[in-house]
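Notes for the structure review
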Protein chains: 2
Amino acid sequence: MKARATETQRKTRIQMENEERILDAALEEFSAHGFRGATIDRIAEHAGMSKPNLLYYFRRKQDMYEALIARLLKTWLEPLRELDATGDPLPELQSYIRRKLEMARDFPRESRLFANEILQGAPRIKRLLESELKPLVDEKVEVLHGWMKDGQINPVDARHLIFSIWSTTQHYADFDTQVQVILGPDRGSEGRFEDAARYLETLFLDGLRPQAEKAETPRVRVP
Amino acid sequence: MKARATETQRKTRIQMENEERILDAALEEFSAHGFRGATIDRIAEHAGMSKPNLLYYFRRKQDMYEALIARLLKTWLEPLRELDATGDPLPELQSYIRRKLEMARDFPRESRLFANEILQGAPRIKRLLESELKPLVDEKVEVLHGWMKDGQINPVDARHLIFSIWSTTQHYADFDTQVQVILGPDRGSEGRFEDAARYLETLFLDGLRPQAEKAETPRVRVP
DNA sequence: CTAGAGTTTTATCAAACAGTCAATATTTTC
DNA sequence: GAAAATATTGACTGTTTGATAAAACTCTAG
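Residues numbered from 1 in each chain as written. Chains lettered and ligands numbered in written order. Predicted model: local features only at pLDDT ≥ 70, side-chain atom pairs only at ≥ 80, totals over all residues. Heavy atoms only, no water.

1. Comments concerning the overall build of chain A
- Helix and strand counts for chain A stand at 12 helices and 0 strands.
- In terms of overall dimensions, chain A has C-alpha extents of about 80 × 45 × 30 Å along its principal axes.
- When contacts within chain A are restricted to residue pairs at least 6 apart in sequence, long-range pairs at least 24 apart make up 66% of them.
- When the accessible surface of chain A is split by element, carbon and sulfur atoms take 50% of a total near 11400 Å².
- Computing the positive centroid from 35 side-chain charges and the negative centroid from 37, chain A places the two 5 Å apart. (Helix = DSSP H or I, 4+ residues; strand = E, 2+ residues; numbered from the N terminus. Contact = heavy atoms within 4.5 Å. Areas by Shrake-Rupley, 256 points an atom, 1.4 Å probe, with all protein chains shown as cover. Lys, Arg positive; Asp, Glu negative; His and termini not counted. Charge placed at Lys NZ, Arg CZ, Asp CG, Glu CD.)

2. Describing the UniProt feature "DNA-binding region" (unreviewed entry) in chain A
- According to UniProt, the positions carrying the feature "DNA-binding region" (unreviewed entry) are residues 39-58 of chain A.
- In the segment residues 39-58 of chain A, helix accounts for 75% and strand for 0%; the C-alpha atoms at its two ends are 13 Å apart. (UniProt positions renumbered as here; feature names shortened; annotations may be inferred.)

3. Some words on the relation of the copies chain B and chain A
- Expressed as a screw operation, the relation of chain B to chain A combines 0.0 Å of axial shift with a rotation of 180°, fitting to an RMSD of 0.1 Å. Overall, the copies show the geometry of a two-fold rotation axis.
- A shared interface surface links the copies, since 100% of the contact residues of chain B are contact residues in chain A too. (Least-squares fit on C-alpha atoms with pLDDT ≥ 70 in both.)

4. Focus on the UniProt feature "domain: HTH tetR-type" (unreviewed entry) in chain A
- UniProt marks residues 16-76 of chain A with the feature "domain: HTH tetR-type" (unreviewed entry), using the numbering shown here.
- For residues 16-76 of chain A, helix accounts for 87% and strand for 0%, while the C-alpha atoms at its two ends are 23 Å apart.

5. What to know about the interface of chain B and chain A
- Counting residues at the interface gives 67 residues for chain B and 67 residues for chain A.
- Approximately 6500 Å² of surface area, both sides summed, lies buried where chain B meets chain A, with 65% of it carried by carbon and sulfur atoms.
- Sorting the residues of chain B by area buried against chain A places Leu119(B), Ile182(B) and Leu208(B) first, and these three jointly supply 13% of that buried surface.
- There are 2 salt bridges connecting chain B and chain A.
- For Arg209(A), the salt bridge goes to Asp206(B), with nearest N and O atoms at 2.9 Å.
- Elements with a minimum of two residues in the side of chain B that touches chain A: α1 (13-37), α6 (89-106), α7 (108-119), α8 (126-149), α9 (158-174), α10 (176-183), α11 (189-206) and α12 (211-214) of chain B.
- Broken down by element, the side of chain B that touches chain A gets its largest block of residues, 12 residues, from α9(B).
- The residue makeup of the side of chain B that touches chain A, split by class, is 30 nonpolar, 20 polar and 17 charged. (Buried area = accessible area lost by both parts, 1.4 Å probe. Salt bridge = Lys/Arg side-chain N within 4 Å of Asp/Glu carboxyl O. Nonpolar A, V, L, I, M, F, W, Y, C, P; charged D, E, K, R; others polar.)

6. Here's the deal with the pattern of salt bridges
- In this structure the tally under the stated criterion is 38 salt bridges over all chains.
- A salt bridge links Glu82(A) to Arg99(A); the shortest N-O distance between them is 3.2 Å. Taken as a pair, Glu82(A) in the loop between α5 (78-81) and α6 (89-106) and Arg99(A) in helix α6 lie far apart in primary sequence, 17 residues in all.
- Taking the shortest distance from any N to any O, the salt bridge between Glu29(B) and Arg42(B) comes out at 3.3 Å. Of this pair, Glu29(B) sits in helix α1 while Arg42(B) sits in helix α2 (residues 40-47), and the two are 13 residues apart along the sequence.
- On the basis of relative accessibility, which here comes to 8%, the residue Glu29(B) falls in the buried class.
- Because the salt bridges share partners, they merge into one network encompassing Asp24(A), Glu28(A) and Arg109(A). (Buried < 20%, exposed > 50% of the residue type's maximum accessible area, 1.4 Å probe, protein only.)

7. Considerations on the packing of helix α9 (residues 158-174) of chain A against α11(B)
- Closest axis-to-axis distance for the α9(A)/α11(B) pair is 10 Å, and the angle between their directions is 70°. The pairing of α9(A) with α11(B) is recorded here as roughly perpendicular in orientation. Crossing angle aside, the handedness with which α9(A) passes α11(B) is right-handed. On the side of α9(A), the interface is formed by His160(A), Leu161(A) and Ser164(A), while α11(B) contributes Arg192(B), Asp195(B), Ala196(B), Tyr199(B) and Leu203(B). (Axes fitted to C-alpha atoms, helices over the stretch in contact; angles between N-to-C directions. Parallel < 35°, antiparallel > 145°, perpendicular 65-115°, else oblique. Left-handed = near helix turned anticlockwise from the far one by under 90°.)

Okay, structure coming up:
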């Protein structure tokens, strides 16, 4: 392999294919067992290649992990980035919640990888959280404050509001095992998702207090 | 040690002390690294004793883990057990949420241990969840349904309601690292807790939609 | 004080683990 | 199609890990 000073390293077809296979296998292992609990042997086995061959592409265990985390954070923050200050507050929030819920449904392994990392004290991404996540949250908190000042949403602690959106939606990926035990096998995962979306919409918009107690509207409309 | 057939095994002073020290150290390690990621060496070091000595009290790694889980589940479900069908619905829910939040504050390691186990597919406690957790949830779901039928709380999916209480409260233990990054060091952990409690109360009772949109009350009161 | 139960340590083991190396096989490039 | 670049493998290394055996020590009941 000639060293090309200026030119960016080109990746071969095989390289791209294998890196993809490896990262997929690594995601499976890391998300299920955490960094320490995952082993290169199992990742290699799961990727269908020998350990030395895997290490040819990622020289250390940590390299795979970091590649996964880097890729993860990009897509992970996308829904929050899309929260639009100029949009209608309630629909904006609703669609943010729905997007987060979709991510929990479509990328549960990524969610668990992230959960594992934070659970263990985020030793490998604390800096990234400070440099990427924090500023983004600060920015969106301002947006929320604006909406609250205008009376377009109830005045609450904006950061805790964001926490509650994250936790309720990611719960369906991170605690999936428990969710399945409790909901039983009756309702398929598609139905589960719709039930969750409907419930969260009610919770975040109106809470649990019956409308009758808030407004003076009668519970039954008489035509 | 004489084998006493009928009599239950008495524990010596040293035994009780050491088992306590070991379980505390084990909780620290397991909650931070998961079952696979934790090592007996580190637990022993953290407990201030030699590895063979530790293994004298718990012959296998898994024995420590199971002892912790068993102890955990007992206290973990207590708040839900206390949810009282004969009480006032909204205050009952409020105090359930507060108790869960207090547990996240006072027993974060236990919360993380549980999260780790579920995250990894609950291989060791799935059965316990089915035999202990599920029936309890089913029972309390009935209580919630009763309240909904009476119009005392908004009609929502009761199981998802429970999920949202679990996830929002446990978030403060499980994702503590992330919470701290975002809230910054300004507010101490005591203040954080009060902010969270206040926020969750508003969320679960009233949601985000401004009262003015629900009732016909004017947004600005003219004296 | 002492015998035996209970506790701790030293030494050790086999398996699992992250990672290396040189040799071989395959693909790409000219 | 041969040389160069890339990819794969088997054999191996040093370390960590879960677990055991037996000897040595300490505590406690009588």
